[in-house]
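Residue-level structure breakdown
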Amino acid sequence: MRGITTSKSRIRQNIFTEVARLAYEGWDPRKFENLPYKIISGEIAHYRDSVFVERAVVGERLRAAMGLSLRKFSDFSSICDGIDESIIDEKYYEPPLIDIIKFACNKCPENRVFVTNACQNCLEHPCVEICPKKAVSIVNGKSHIDEEKCIKCGKCIEACEYHAIVKQERPCAKVCGMNAIKSDEYGRAEIDHDKCVSCGMCLVNCPFSAIIDKSQIFQTITALKSNTPVYAAIAPAFAGQFGNVTPGQIRTAFKALGFTDVVEVAIGADLCTIEEAKDFMNEVPEKQPFMATSCCPAWSVMAKKLFPDFAPYISMALTPMVLTGRLIKKEHPESKVVFVGPCAAKKLEASRRSIRSDIDFVLTFEEFASILEAKDITITECAEDDSFREASGDGVGFAVSGGVADAVKNAIKVLNPGREVHTVRAEGLQNCKKMLQIAKTGKYNGYLLEGMACIGGCVAGAGTIAPVRKATDAVNRMKENSDIRFGVSSKYRKHLSELEENK
C-alpha cells in the first residue's frame, strides 16, 4: 500500500538498500550470501511459519534485485549462482521482469463466495430465495453456500442486509487487467508471461510479497562509479514522492549520488505532445478512425496484444522517456542515461532493440529512495541547487490520468484553432479494454483515446511510494506553477525531427 509503511515495504526497502550499499562498497560474494541473515536476524520467524522460509524468500528477492531469475528449488544452487554476469555497469536482467516466488505464495482462493460468522439466521433468508442455482441453504441455523453449485453471480451478496456474505478473490489476479494469473497444480499463483504486460499491479497488491520485479540498482551504481558521465531523467510523477522538496534539492541529491546532472522527462512529454498532436491532425479521421496515445507502455502493449487490428491506430510518437534520453545523448553523446520514475513496465520498454541505446537503466522511485538511504541522503535536508524545471504545465500533467489527452488537445488548439477534438480516457487495463471494445463499435470515431495501465495514471505506478491522491495533488500544483503552459511552446521543439529519426 503506497504511503503506508508495512512489513512488506520495509523488507523491500532493506533489500534494495543493502544491494545499493554493496554496489558502492564493491562486490563481495560473502557479504551478499550473508544478507538474508542480516535482513532477517535472530531465530524466531516474524512474518511466516519459519525463519528459514523468511530468509529463503529474502534470498530470492536479493537475486531479483541483482537482475537474476528465481532459482529452481528442485535443484541445489547458491544464492550467487549466475551472478557474475550481473556485476557490470551495463543494463542487465534476465526475463521475465516480473515473477512469483512460489513458496512465498499463500495459495489464495481464486474466486470464492462464502458466508461469514456475521450471518444472523434472519427470518427472511433473501440469500436462499434469490440464488438462481439453489446453491444457498440453511445449515445448523446459518446460511451455507455449496461451492460446486455457486456461479459467483453475487446476488446473495447484494441481498444480505448484514453484509455477511463476501466474495474473496486472489488479490494479484483481481488487479491483473490481462487475466495473466492463474493457479499451478499446487494452487499457487502463476503468471502467464505471454499475456503479462509488466504493469506491476500484481506485485503491489500481493499482501504476502510473493511477487518480485527485477532491478538494475547494482548496475546503475557501478556505472556511477565509473568515469562515464551519468545523467538522470526523472519523470514528472516525482512530485510528492519524496516529501515537500524542491527541484533544486532533488538536483543536489542526484549529484550527491554521483550523477552528473538531472533532466525532467516532462521536456520529453512536451515533445511527445507535439508529435501526437501532429499525428492526430494528419491521420484522423481521413486515414484512421481514431488515434490512441503511446506514452504508457503497458497500455500500448495490451492494446496491440488484444486488439491487433488497432495497432496502427496507436500513435507512432516516441514516449517522453525515450525523447528525453535521446535529447540528453544528443548533447552528451558519451553519457549514460538513467530513467527514474514510477513504472515497472518502463524497464521492458527501455530494453527494446530500438531504444536500448537511448536509456541505459531504469529505476523506480522506490529503488531510488533505497539508494538515497544507502548513502544516508535525505532530500528534505539537501541544500538548494538551481531548478531543472523547463517543461510546460501540460508536460508535467502527463503524470496523472487525463493529462496526456488534455496536453494533446491543447496543442491542437494552438496549432489548428478551428479543429474540434473529442477525447476519452481509461485508467486500469480492464477499463482500457472496455474503451477499445466500445471503439470497435465506431462510437469513438474521430476521438483521441488515452490509456493508462494504472488507476490514477503514472502517479499510481508500481514503483511509487506516496499515496496516489497526495501525489496527484502534488503534480497538479507543480503543473499550475509552471512558467510555460503548453507543450508546443517548448524551446526544445527545434530538435524534434532529429530525435524522431529511426523510431
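Refer to the preceding data block for the structure.
Reference entry: report on the structure contained in this document.

Parameters at a glance
Residues numbered from 1 in each chain as written. Predicted model: local features only at pLDDT ≥ 70, side-chain atom pairs only at ≥ 80, totals over all residues. Heavy atoms only, no water. Helix = DSSP H or I, 4+ residues; strand = E, 2+ residues; numbered from the N terminus. Rg over C-alpha atoms; globule rule 2.2 N^0.38 Å. Buried < 20%, exposed > 50% of the residue type's maximum accessible area, 1.4 Å probe, protein only. Contact = heavy atoms within 4.5 Å. Areas by Shrake-Rupley, 256 points an atom, 1.4 Å probe, with all protein chains shown as cover. Lys, Arg positive; Asp, Glu negative; His and termini not counted. Charge placed at Lys NZ, Arg CZ, Asp CG, Glu CD. Axes fitted to C-alpha atoms, helices over the stretch in contact; angles between N-to-C directions. Parallel < 35°, antiparallel > 145°, perpendicular 65-115°, else oblique. Left-handed = near helix turned anticlockwise from the far one by under 90°. Nonpolar A, V, L, I, M, F, W, Y, C, P; charged D, E, K, R; others polar. Pairing = 2+ DSSP bridges.

**A short note on the overall build of the chain**
In terms of regular secondary structure, the chain is built from 19 helices and 15 strands. Computed over its C-alpha atoms, the radius of gyration of the chain comes to 24 Å, within 12% of the 23 Å expected for a compact globule of 503 residues. Structurally, the chain occupies a C-alpha span of about 75 × 65 × 40 Å along its principal axes. Scored against the burial criterion, the 503 residues of the chain give a buried share of 55%. Partitioning the intrachain contacts of the chain with sequence separation of at least 6 by distance along the chain shows that 77% fall at a separation of at least 24. As presented, the chain carries roughly 22600 Å² of accessible surface, and 48% of it is formed by carbon and sulfur atoms. Separation between the mean location of the 66 positive side-chain charges and that of the 65 negative ones in the chain comes to 3 Å.

**A word on the side chain of Arg-251**
The residue Arg-251 is located in helix H9 (residues 247–257) in this model. What Arg-251 contacts, discounting residues up to four positions off in sequence, is Asp-261, Val-262, Asp-385, Asp-386, Ser-387 and Phe-388.

**Here we look at the packing of helix H10 (residues 266–283) against helix H16 (residues 403–415)**
Where H10 contacts H16, the axes come no closer than 9 Å and their chain directions differ by 65°. Overall, the two elements H10 and H16 adopt an arrangement that is roughly perpendicular. Judged by the twist between their axes, the crossing of H10 over H16 is right-handed. Together, Thr-273, Glu-276, Ala-277, Phe-280 and Met-281 of H10 and Val-404, Ala-407, Val-408, Ala-411, Ile-412 and Leu-415 of H16 make up the contact between the two elements. Of the residues in the contact of H10 with H16, the class split is nine nonpolar, one polar and one charged.

**Details of the sheet that holds strand S11 (residues 291–292)**
As summarised here, the arrangement of the three strands in space is S11-S15-S14, forming an open sheet in which the pairing is parallel. On the outer flanks of this sheet lie S11 and strand S14 (422–427), each paired with one strand and no other. Relative to strand S15 (residues 447–452), S14 is paired through six bridges, and the arrangement is parallel. Looking at S15, one finds that Val-424 is bridged to Leu-449. Packed on one face of the sheet, H16 meets S14 and S15 and runs near 150° to S15.

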